Amino acid sequence: MTPRPAPTARRVRLATELRKLRERAGLTSTEAAQLLGSSSGQLSNVESARFGVSPDRVRAMANIYSCTNQPYIDALADMATEKTRGWWWDAYREVLPSGLLTLAELEHHATAIRTAFTAHIPGMLQTTEHAREIFSHAIPAPTPPEVEHRVSHRIKRQDVVFREDPNPYSTVIHEAALHMRVGGLRVAREQLRHLLGMSERDHITLRVLPFDVGAFPGSGQSINYLCGAVPELDTVQLDQFHGPVLLDAQAHLEKYRRLLDVVETTALSPEKSRDLIHSIAQNL
């Protein structure tokens, strides 16, 4: 028997949200299944993302669970229409960790992206040579083909900021990352010039946290905040040495929204950030 393909990240999130709705309604899976005219086994398969579910079924479940948040219900129903996988699956499923495929999927569907980075340039704004240098120093040491797979995947992810009618992208970069000579002087200068060019795009907001700010919230983390169709469907992605970690509990979302608000307020304005990047590039 051909093994069932792993569910998409959207199907997993939809399953999680449907389970949360049932639990908030105070229903056991057996009780909910009876009200839905289904079996507890079928409901379990939906809530564990083993089986998909139709938009009409999502709306019926929301009604039985007494959910009245219509934008949230509409967003869940829209998630249920997703039947195909994107470029990240067809091209990279056999050569890259699943966490990177999930990240690409979340970025592709995000309505906006907010990020904050302390020690490196965000992947969305990296040049090809900068990315290649970063991946070449991974542990365990990658083979040349592995490096190229990761580089091409990173560059293809950047479609979300280059495509026609792109969604907003906002990032805060610490000044420390701008001084790092990744790949040597030529590559570092080209990376800074690339940042300056990207910062001029209407949909991109780039802020720099200068050294003289001192301590600030979240200084030890790199944060990707991926906005969903409604705030309840946002996702936080944190970089860890073993791979990306995803958070979607409402308490976590609230915390990281506040953290990013503070960091963005603390950082230089986009105009002053460009001036600082230009100054650093001239002095490398």
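Up top is the structure.
Going along each chain's sequence as written, the residues are numbered from 1 onward. Reporting in this predicted model follows two pLDDT cut-offs: at least 70 for local features of residues, and 80 or more for side-chain atom pairs to be given and counted; totals over whole chains, interfaces and linings ignore these cut-offs and use all residues. Side-chain descriptors were evaluated using all non-hydrogen atoms of the structure, hydrogens and water having been removed beforehand.

**Q** Explain the overall build of the chain here, please?
**A** Secondary structure elements are taken from DSSP: a helix is a run of H or I of four residues or more, a strand is a run of E of two residues or more, and numbering for both begins at the N terminus. Within the chain, the regular secondary structure consists of 14 helices and six strands. Projecting the C-alpha coordinates of the chain onto the three principal axes gives extents of approximately 70 × 45 × 35 Å. In the chain, which comprises 284 residues, the proportion classed as buried is 45%. The contact criterion used throughout is that any non-hydrogen atoms of two residues lie within 4.5 Å. A separation threshold of at least 6 residues defines the contact pool for the chain, and within that pool the share at least 24 residues apart is 73%. With residues, only the protein chains shown are counted as cover, and all accessible areas are computed by Shrake-Rupley using a 1.4 Å probe. Working note: accessible area of the chain is about 14,400 Å², and carbon and sulfur atoms make up 52% of it. Accessible area is worked out with a 1.4 Å probe on protein chains only. A residue is then buried under 20% of its type maximum, exposed over 50%, and partly exposed in between.

**Q** Just to check I follow, could you spell out helix 12 (residues 185–199) for this structure?
**A** Side chains that are three or four residues apart share a direction in an α-helix, a result of its 3.6 residues per turn. Taking 1.5 Å of rise per residue, the 15 residues of helix 12 would be expected to cover 21 Å, and the 21 Å separating its terminal C-alpha atoms lies within 8% of that figure. Inspection of helix 12 places Val187, Ala188, Gln191, Leu192, Leu195, Leu196, Met198 and Ser199 among the buried residues, and these make up the whole buried set. Residues of helix 12 that are buried in the fold lie against helix 8 (128–136), helix 10 (159–162), strand 2 (169–174), helix 11 (175–179), strand 3 (204–209) and helix 14 (270–283). Expected span of a helix, by definition, is 1.5 Å for each gap between consecutive residues, and there is one gap fewer than residues.

**Q** Help me understand helix 9 (residues 144–157), please; the structure alone is not making it clear to me.
**A** With 14 residues, helix 9 should cover 20 Å at 1.5 Å per step; its first-to-last C-alpha distance of 20 Å lies within 8% of that length. Looking only at helix 9, the buried set comprises Val147, Val151, His153, Arg154 and Arg157. For helix 9, the buried positions fall inside an angular range of 165 degrees around the axis, keeping them on one side. In helix 9, the exposed residues that point more than 90 degrees away from the buried face are Pro144 and Pro145. The inward-facing, buried residues of helix 9 abut helix 6 (87–92), helix 7 (98–109), helix 8 and helix 10. Arc definition: it is the arc formed by the directions from the helix axis to the C-beta atoms.

**Q** What should I look at first to understand the sheet that holds strand 2 in this one?
**A** Whether parallel or antiparallel, the strands of a sheet pair through hydrogen bonds between backbone atoms. The six strands lie next to each other as 3-2-1-4-5-6, forming an open sheet whose pairing is mixed. Looking at the sheet topology across the chains shown, the edges are occupied by strand 3 and strand 6 (243–247). Adjacent strand axes in the sheet meet at a mean angle of 15 degrees, parallel and antiparallel pairs treated alike. Pairing analysis gives six bridges linking strand 2 to strand 3, with the strands arranged parallel. A pair of strands counts as paired when DSSP detects no fewer than two bridges linking them. Note on geometry: axes are C-alpha line fits, over the in-contact stretch for helices, and angles between N-to-C directions span 0 to 180 degrees.

**Q** Please clarify how the environment of Leu253 should be interpreted in this entry.
**A** Residue position: Leu253 is located in helix 13 (residues 250–266). Contact partners of Leu253, with chain neighbours within four places excluded, come to Arg13, Tyr225, Pro231, Glu232, Asp234, Thr235, Val236, Leu247 and Asp248.

**Q** Just to check I follow, could you spell out the packing of aromatic side chains for this structure?
**A** Think of it this way: a Phe, Tyr or Trp ring, Trp meaning its six-membered ring, pairs with another when their centres are within 6.5 Å, and the plane angle makes it stacked under 30 degrees, edge-to-face over 60, tilted otherwise. All chains considered together, the criterion is met by two aromatic pairs. Here the aromatic rings of Trp87 and Tyr92 are separated by 5.9 Å at their centres, their planes lie at 80 degrees, and the arrangement is edge-to-face. Aromatic ring contacts, followed pair by pair, group Trp87, Trp88 and Tyr92 into a single cluster. Only lysine NZ and arginine CZ atoms are considered, and such an atom sits over a ring when it is within 6 Å of the ring centre and within 35 degrees of the ring normal. Stacked on the ring of Trp89, the Lys or Arg Arg85 has its end atom at 4.0 Å from the ring centre.

**Q** Whenever I open this one, the nonpolar core confuses me. Can you help?
**A** One recurring pattern in soluble globular proteins: nonpolar side chains tend to sit buried together. If you look at the biggest cluster of nonpolar residues, it comprises 28 residues, and the most contacted ones within it are Leu125, Leu178, Leu192, Leu195 and Ile277. Of all the elements, helix 12 adds the most residues to this core, at five residues. Discounting residues that sit within four places of it in the chain, Leu125 has contacts with Gln158, Tyr169, Thr171, Gln191, His194, Leu195, Met198, Ile204 and Leu206. To qualify as a nonpolar core, a set must consist of buried Ala, Val, Leu, Ile, Met, Phe, Trp, Tyr and Cys residues joined through side-chain atoms within 4.5 Å. In terms of nonpolar packing, the next biggest core, distinct from the first, is built from 23 residues, Leu14, Ala32, Val230 and Leu233 among them.

These figures capture arrangement, not role.
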